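What follows is each chain in one-letter form.
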Amino acid sequence: MIRLFKVKEKQRELAESANGGAPIKKQSAGELRLHKDISELNLPKSCIISFPNGKDDLMNFEVSIRPDEGYYLGGNFSFSFQVSPIYPHEAPKVKCKTKLYHPNIDLEGNVCLNILREDWKPVLNINTIIYGLYHLFTEPNYEDPLNHDAAAVLRDNPKMFEANVRRAMAGGYVGQTFFTRCM
Amino acid sequence: MAETVVQPSRSRDLDKLLLRPGNIIGNNFDPGQELRDDLAEYVKVLVVGAGGLGCELLKDLALSGFKNLEVIDMDTIEVTNLNRQFLFRFEDVGKPKAEVAAKRVMERIRGVNIKPHYCRIEEKDIDFYSDFSIIVLGLDSIEARSYINAVACSFLEYDSDDKPRDETIKPLVDGGTEGFKGHARVIIPGVTPCFECTIWLFPPQVKFPLCTLAETPRTAAHCIEYAHLIKWDEVHSGKTFDPDDPEHMKWIYNEAVKRAELFGIPGVTYSLTQGVVKNIIPAIASTNAIVSAACALEALKITTGCSKTLSNYLTYNGAEGLHTKVTEFVRDKDCLVCGPGVLIELETSVTLQKFIDLLEKHPDLLLSKASVTHQGSSLYMQAPPVLEEMTRSNLNLPLFDLMGKTSKGTIHVTGTTSKNDTKTSVLRKLRVFFKGVDGVTDMDMAGGA
Ligand SMILES: [Zn+2]
């Protein structure tokens, strides 16, 4: 190939700064696959996706979930998604932006959902994750606790758990922790 | 008979490769002094990474007759690097790796010029990368490899027969090591598989469930990840953790130690903390040396043609005895990054709506309900409703205008195709040419489609 490099170098010297063709912006494979996921989204009415940075940044988006059954009925919970350029080789980073009282979501918004970490596979997609998140609201489980106290209450006293969830969603204290209204 | 006397170079062995004819040579091998001189004069090599592998690569390339080298790396030297990153000394700790590595190799090897770049690879524009004849990678991250691969493939153009155009090929040589294991591969975009064609070769990183970290830690790594993923946010609300900031890393280490003490778990050390957080496996100097030697030799073979190149993926394993093997992987013909894509020729007046209708009838595509993207910008999205609404007004605009009024460009489309009554969703690359636009001087291309 050296002859080619030589020719190119000579051309470059001759052309000085004359630039051939506009520079091409490359799109990462992750962006392309995400584009496919997004264009095929099929969400229930209770889940709404939005793009705070507009239509040209799909790598950062938000999903708000309004559960239509279960303990969290009537609440509105917002999640941020951050998608890596090597998606789907790596799962998106998902955080809950609404502070809530939930056994599987801690007060910093970390979410314990298996498909976001240990069980992520490139064949899964954004739709699967959103359904997984929705499922956390209809079926919170005390076996994978991130909020230790909430998990213990759910296990030992479901009635009290329900009351705590209502109080947190309406805006108020559960134990020492204050929750802002999210209904 | 008085032939012109060939000046021996500083390296007799290199002369043997480059000055004499041979049998197992590559295409267009033209041995002689001119070849050797051209190698020095016209070939520019970029080394990406100045760590364990990068140090070796710079030294090996400089000793292999390459005279114009540049190196890019965003890291500074740490004490723990000194055991294997042999260009660095204790007094260099804290200085940029690229700068020190370049200086040390230039001090030792006469006539070689190395220009360092102390920055992130994303900070350089496409023209920077365009300048190099060949790019050699000594990296430890998948993201960075994927990025450089996309950059190299973005120069690639195909002719109307879907053959890659030689002058647009930017070869890559990729090295990688993890402990006693390593690989060296040759990526000739359009000819051999690109990084994205075979990304499955890299196993996804093991991720522990967050609830295990929070509730039932059992290993030192669990304690470190707890500090990294949960404790950091709890204490530093809003501040993002920077794995390259030693203060941040020290904080994680201290928290991990506390956590480990609480649960009676042994084994948390600072270097393990770095390893877990940055997903690094301890490096072995000799693995780096072996992989680098293979990479430098491939770079020499690609540029000079003095021998056939590796085709196309060498693995080395020194963990149990010594095992090395070359596998010839095949390209993914439909690869979104290095593949030619489907060639489509259009009038400049064609609207986006008309274009989407055309895709449905195109015999190679039969794509219905297409969503269209161009260079990271969504031109039209079928779903979700919020994006459909934002992009709907584009449907009546000419695609030519939407693509910035250039004569050609790459478009990606997603949608569904039906084959024998089963619908499958697909993502395809298209290369679009507009008829009669200034700038298409190549008759071969203009006459294509
Ligand atoms: Zn490819």
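Remember, it's a predicted structure, so these values are computed and weren't measured experimentally. Each chain has its residues counted from 1, running along the sequence as written. All chains are assigned letters beginning with A, and all ligands numbers beginning with 1, in the order in which they are written. In keeping with the model being predicted, local features are shown solely for residues with a pLDDT of at least 70 and side-chain atom pairs are shown and tallied solely at 80 or more, while totals for entire chains, interfaces and linings include all residues. The side-chain figures draw on all heavy atoms in the structure; neither hydrogens nor water molecules are used.

> How would you summarise the overall build of chain A if you had to cite specific residues and measurements?
Scanning chain A from terminus to terminus reveals five helices and six strands. The secondary structure listing takes helices from DSSP runs of H or I that are at least 4 residues long and strands from runs of E that are at least 2 residues long, numbered from the N terminus. Helices (α) and strands (β) of chain A occur, in sequence order from the N terminus, as α-α-β-β-β-β-α-α-α-β-β. Using C-alpha atoms as the atom set, the radius of gyration is obtained and then compared with a globule rule of 2.2 Å times the number of residues to the power 0.38. Over its C-alpha atoms chain A spans a radius of gyration of 23 Å, topping by over 25% the 16 Å that the globule rule assigns to 183 residues. Partly exposed describes any residue whose relative accessible area lies between the buried limit of under 20% and the exposed limit of over 50%, with all areas from a 1.4 Å probe on protein chains only and scaled to the type maximum. Each of the 183 residues in chain A was classed as buried or not, and the buried ones make up 51%. Should any heavy atoms of two residues lie within 4.5 Å, those residues are counted as being in contact. Taking all contacts inside chain A whose residues are at least 6 apart in sequence as the whole, residues at least 24 apart take part in 53%. For accessible areas, the Shrake-Rupley method is used with a probe of radius 1.4 Å. Any residue's cover is judged against the shown protein chains and nothing else. Carbon and sulfur atoms provide 51% of the accessible area of chain A, an area that totals close to 8,900 Å². The convention is simple: Lys and Arg are positive, Asp and Glu are negative, and His and the chain ends are not counted. Charge positions are represented by NZ for Lys, CZ for Arg, CG for Asp and CD for Glu. Positive and negative side-chain charges in chain A, numbering 23 and 22 respectively, have mean positions lying 6 Å apart.

> Go over the side chain of Glu70 of chain B with me, naming the residues and quoting the values.
Residue and element names in this part refer to chain B. Of note, Glu70 is situated in strand S2 (residues 68–72). Here a polar contact is taken to be a pair of N or O atoms separated by no more than 3.5 Å, where protein atoms must pair a possible hydrogen donor with a possible acceptor and residues adjacent in sequence count only if both atoms sit in side chains. Side-chain polar atoms of Glu70 contact the side chain of His117, separated by 2.6 Å. With near-sequence residues (within four places) excluded, Glu70 lies in contact with Lys44, Val45, Leu46, Val47, Lys115, His117, Phe128 and Phe132.

> Let's hear about the interface of chain A and chain B: which residues, and what values?
Across the contact, 46 residues belong to chain A and 66 residues belong to chain B. In short, buried area is how much 1.4 Å probe accessible area vanishes from two parts on joining, totalled over both. Each partner contributes to the roughly 5,300 Å² buried at the junction of chain A and chain B, and carbon and sulfur atoms together form 61% of this total. If you sort the residues of chain A by the area they bury against chain B, Ile2, His89 and Arg117 of chain A come out on top, with a joint share of 14%. When a carboxyl oxygen of Asp or Glu is within 4 Å of a side-chain nitrogen of Lys or Arg, the pair counts as a salt bridge. At the surface where chain A touches chain B, the tally comes to one salt bridge.

> Break down the sheet that holds strand S1 (residues 47–50) of chain A for me, with residues and values.
All names here are of chain A. Pairing is antiparallel in the open sheet, where four strands are placed in the order S1-S2-S3-S4. Across the chains shown, the open sheet's two edge strands, defined by having one partner strand only, are S1 and strand S4 (93–96). Averaged over all pairs of adjacent strands, the angle between their axes in this sheet comes to 20°, without regard to strand direction. Between any two strands, at least two bridges found by DSSP are needed for them to pair. Fitted lines through C-alpha atoms serve as axes, helices being fitted only where they are in contact, and the angles separating the N-to-C directions of these axes extend from 0 to 180 degrees.

> With reference to specific residues and values, describe the UniProt feature "active site" (unreviewed entry) in chain B.
UniProt positions are given in the numbering used here, feature names are shortened, and annotations may be inferred rather than shown by experiment. Here the UniProt feature "active site" (unreviewed entry) sits at Cys211 of chain B. Relative to the helices and strands, Cys211 of chain B is located in helix H7 (residues 210–215). Leaving out residues up to four positions away in the same chain, Cys211 of chain B has contacts with Cys112, Asp144, Pro145 and Leu146 of chain A together with Thr216 of chain B.

> How would you summarise the coordination of the zinc ion if you had to cite specific residues and measurements?
Residue and element names in this part refer to chain B. Distances up to 2.8 Å from the metal define which N, O and S atoms are donors, and 3.2 Å serves for Na, K and Ca; water is absent from the atom set, so sites may look incomplete. Protein-derived coordination of the zinc ion comes from Cys194 (SG), Cys197 (SG), Cys335 (SG) and Cys338 (SG), at a distance range of 2.2 to 2.4 Å. Only two sets of limits are used to name each site, 85 to 135 degrees for every angle of a tetrahedral four-donor site, and over 155 degrees for opposite donors with all other angles from 65 to 115 for a square planar four-donor or octahedral six-donor site, with any other site named irregular. In this structure, the zinc ion is coordinated by four donor atoms arranged in tetrahedral fashion, with angles at the metal of 96 to 119°. Written as a sequence motif, the donor arrangement for the zinc ion is C-x2-C-x137-C-x2-C. Here the residue Cys194 occupies a position in the loop between strand S6 (181–187) and H7, and Cys338 occupies one in the loop between strand S8 (323–327) and strand S9 (342–346), the gap between them amounting to 144 residues. Residue Cys338 is classed as buried on the basis of its relative accessible area of 0%.

> Break down the environment of Pro67 of chain A for me, citing the residues and quoting the values.
All names here are of chain A. The residue Pro67 is located in the loop between strand S2 (60–65) and strand S3 (77–82) in this model. Overall, Pro67 belongs to the buried group, its relative accessible area being 3%. Along the backbone, Pro67 and Leu136 are 69 residues apart, and their C-alpha atoms lie at a distance of 9.8 Å.

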